[in-house]
Amino acid sequence: MDIPNLHVSAHPLLREKLTRLRDRSTPPADFRALVRQIAMLLLYEATADLELRRDVVQTPLAPATGWRLAQKVGLIPVLRAGIGMVDAALELIPEAEVWHIGLFRDERTLRPIEYYNKLPASATAQLCLVLDPMLATGGSATATVDILERWGAKRIKYVGIIAAPEGAKAMAKAHPDVHMHVGALDERLNERGYIVPGLGDAGDRQFGTG
Ligand code: PRP
Ligand code: URA
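Residues numbered from 1 in each chain as written. Chains lettered and ligands numbered in written order. Predicted model: local features only at pLDDT ≥ 70, side-chain atom pairs only at ≥ 80, totals over all residues. Heavy atoms only, no water.

**Observations regarding the layout of surface pockets**
Here is step 1 of the chain: For the largest pocket, the calculated volume is near 500 Å³.
Here is step 2 of the chain: Breaking the lining of the largest pocket down by element, the ones donating at least two residues are strand S4 (73-79), strand S6 (101-105), strand S9 (134-135), helix H4 (139-151) and helix H6 (202-207).
Here is step 3 of the chain: When grouped by side-chain class, the residues that make up the lining of the largest pocket number 13 nonpolar, seven polar and five charged. (1 Å grid on protein atoms, 1.4 Å probe; cavity = no way out; pocket = protein on both sides within 12 Å on 5 of 7 lines; lining within 4 Å. Points joined across faces, edges and corners; volume = space filled by probe spheres on them. Helix = DSSP H or I, 4+ residues; strand = E, 2+ residues; numbered from the N terminus. Nonpolar A, V, L, I, M, F, W, Y, C, P; charged D, E, K, R; others polar.)

**Let's talk about the nonpolar core**
Here is step 1 of the chain: Among the nonpolar cores identified, the biggest contains 36 residues, and Leu-21, Leu-129, Leu-131, Val-159 and Ile-161 are the most heavily contacted of them.
Here is step 2 of the chain: Looking at this core, the elements with two or more residues in it are helix H1 (12-22), helix H2 (28-46), S4, helix H3 (86-92) and strand S8 (127-131).
Here is step 3 of the chain: A per-element tally of this core places H2 first, with nine residues.
Here is step 4 of the chain: Once residues within four sequence positions are removed from consideration, Ile-161 is found in contact with Leu-18, Leu-21, Val-35, Ile-38, Leu-42, Asp-132, Pro-133, Val-182, Gly-183 and Ala-184.
Here is step 5 of the chain: With 28 residues, the next largest nonpolar core counts Trp-151, Ala-163, Val-178 and Met-180 among its residues. (Core = buried A, V, L, I, M, F, W, Y, C linked by side-chain atoms within 4.5 Å. Buried < 20%, exposed > 50% of the residue type's maximum accessible area, 1.4 Å probe, protein only. Contact = heavy atoms within 4.5 Å.)

**Quick look at the site of ligand 1**
Here is step 1 of the chain: Taken together, 14 residues lie near ligand 1, and Arg-105, Asp-132, Thr-137, Gly-138 and Ser-140 sit nearest.
Here is step 2 of the chain: Here Ala-136 contributes a backbone N or O atom positioned 2.9 Å from an oxygen atom of ligand 1.
Here is step 3 of the chain: Separating an oxygen atom of ligand 1 from a side-chain N or O atom of Ser-140 is a distance of 2.6 Å.
Here is step 4 of the chain: In the complex, the protein chains occlude 92% of the 500 Å² of accessible area that ligand 1 would expose alone.
Here is step 5 of the chain: Among the detected pockets, ligand 1 sits in the largest pocket.
Here is step 6 of the chain: Residue composition of the shell around ligand 1, grouped by class: six nonpolar, four polar and four charged. (Near = heavy atom within 4 Å. Polar contact = N/O pair within 3.5 Å; in protein donor to acceptor, adjacent residues only side chain to side chain. Areas by Shrake-Rupley, 256 points an atom, 1.4 Å probe, with all protein chains shown as cover. Sits in = over half its atoms within 2 Å of the grid points.)

**What about the environment of Arg-53?**
Here is step 1 of the chain: Among the secondary structure elements, Arg-53 is positioned in strand S2 (residues 52-58).
Here is step 2 of the chain: Put simply, Arg-53 and Ala-70 are 17 residues apart on the chain and 5.4 Å apart in space, counted from C-alpha to C-alpha.

**Thoughts on the pairing of strand S10 (residues 156-159)**
Here is step 1 of the chain: Of the two faces of S10, both are covered, the one formed by Ile-156 and Tyr-158 as well as the one formed by Lys-157 and Val-159.
Here is step 2 of the chain: Relative to S10, S8 runs parallel, the two sharing four bridges. Its bridge partner lying in S10, Leu-131 is registered against Val-159.
Here is step 3 of the chain: Bridge count for S10 against strand S12 (residues 179-182) is three bridges, and the pairing is parallel. (Pairing = 2+ DSSP bridges.)

**A closer look at a nonpolar patch on the surface**
Here is step 1 of the chain: On the surface, a nonpolar cluster with roughly 380 Å² of combined accessible area is contributed by Phe-104, Ile-113, Tyr-115 and Tyr-116.
Here is step 2 of the chain: Within the secondary structure, Tyr-116 sits in strand S7 (residues 112-117). (Patch = residues over 30% accessible without salt bridge, like charges linked within 9 Å, V, L, I, M, F, W, Y side chains within 5 Å. Salt bridge = Lys/Arg side-chain N within 4 Å of Asp/Glu carboxyl O.)

**Looking at the site of ligand 2**
Here is step 1 of the chain: Around ligand 2 sit Arg-105, Met-134, Ala-136, Gly-193, Tyr-194, Ile-195, Gly-200, Asp-201 and Ala-202, and that is every residue in its neighbourhood.
Here is step 2 of the chain: The separation between an oxygen atom of ligand 2 and a polar main-chain atom of Ile-195 is 2.8 Å.
Here is step 3 of the chain: For ligand 2, whose accessible area on its own is 240 Å², the fraction buried by protein is 89%.
Here is step 4 of the chain: When each cavity is represented as a set of grid points, ligand 2 is found to reside in the largest pocket.

**Some remarks on unusual backbone geometry**
Here is step 1 of the chain: A cis amide bond links Leu-79 with the next residue in sequence, Arg-80, at an omega value of -5 degrees.
Here is step 2 of the chain: Relative to the elements of secondary structure, Arg-80 occurs in the loop between S4 and H3.
Here is step 3 of the chain: That bond from Val-196 to Pro-197 is cis: its omega, 0 degrees, falls within 30 degrees of zero.
Here is step 4 of the chain: Note on placement: Pro-197 falls in the loop between strand S15 (195-196) and H6.
Here is step 5 of the chain: Backbone geometry at Asn-5 places phi at a positive 65 degrees, although glycine is not the residue there.
Here is step 6 of the chain: Here Asn-5 falls in the partly exposed class, since its relative accessible area comes to 23%.

**Quick word on the sheet that holds S9**
Hydrogen bonds along the backbone pair up the strands of a sheet, which may run parallel or antiparallel.
Here is step 1 of the chain: Across the sheet, three strands lie side by side as S9-S11-S13; this open sheet has parallel pairing. What marks the edges here is a single partner per strand, and that holds for S9 and strand S13 (184-185).
Here is step 2 of the chain: Sheet topology note: the strand S11 (residues 162-163)/S13 ladder contains two bridges and is parallel. Bridge pairing links Ala-163 to Leu-185 in S13.

This is a description of form; function is not addressed.
In structure tokens, the structure reads:
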């Protein structure tokens, strides 16, 4: 299936971890660890085009020309489930700022409802990474990108664990400039808007509230 700007990782370590994540017998503690590990692998790929500037450091032997990040990165975890991806991102990019957005899906209409927004007054990052494990109808992810664009964000990427074709297509249509980095593109949504085969409810499985 060819969806513009959708990057599905083919990394063997990620595929193996995703299989354990899907498994209904995986308990919340293991589930959280896997979300973190998978997020790190996805973020490694999603940040491959970060811009650098040259810098020189002194090793114990001689000066060495190296690199520093030239761009400021903002991390936007979508509450709740996106929280599980933040530590991995901060481990890779410790200087990143974290701006939380709270959305939940109305289970009747499947439309996102915004309940929290901790964006600073003005857009200060050159790259915004939206973190949310599940791209189902795409309502939550596209609403988050809408919020970021209204706020003034210039460059936005979405990083998630599993996408449904419906959600990835919705994002590609609403925001053709947003690249999506995911671990898997699944078959479909069911009648309740859940990704099949998916992994169930990512928030409930992380936080033991199922
Ligand atoms: C889940 C998930 C996404 C959303 C995806 O959150 O983390 O935010 O559903 O569905 P969509 O693409 O159809 O919008 P949920 O609304 O269950 O909230 P939670 O993270 O608080 O459990
Ligand atoms: N949210 C989830 O957590 N899982 C789905 O399959 C769909 C939306």
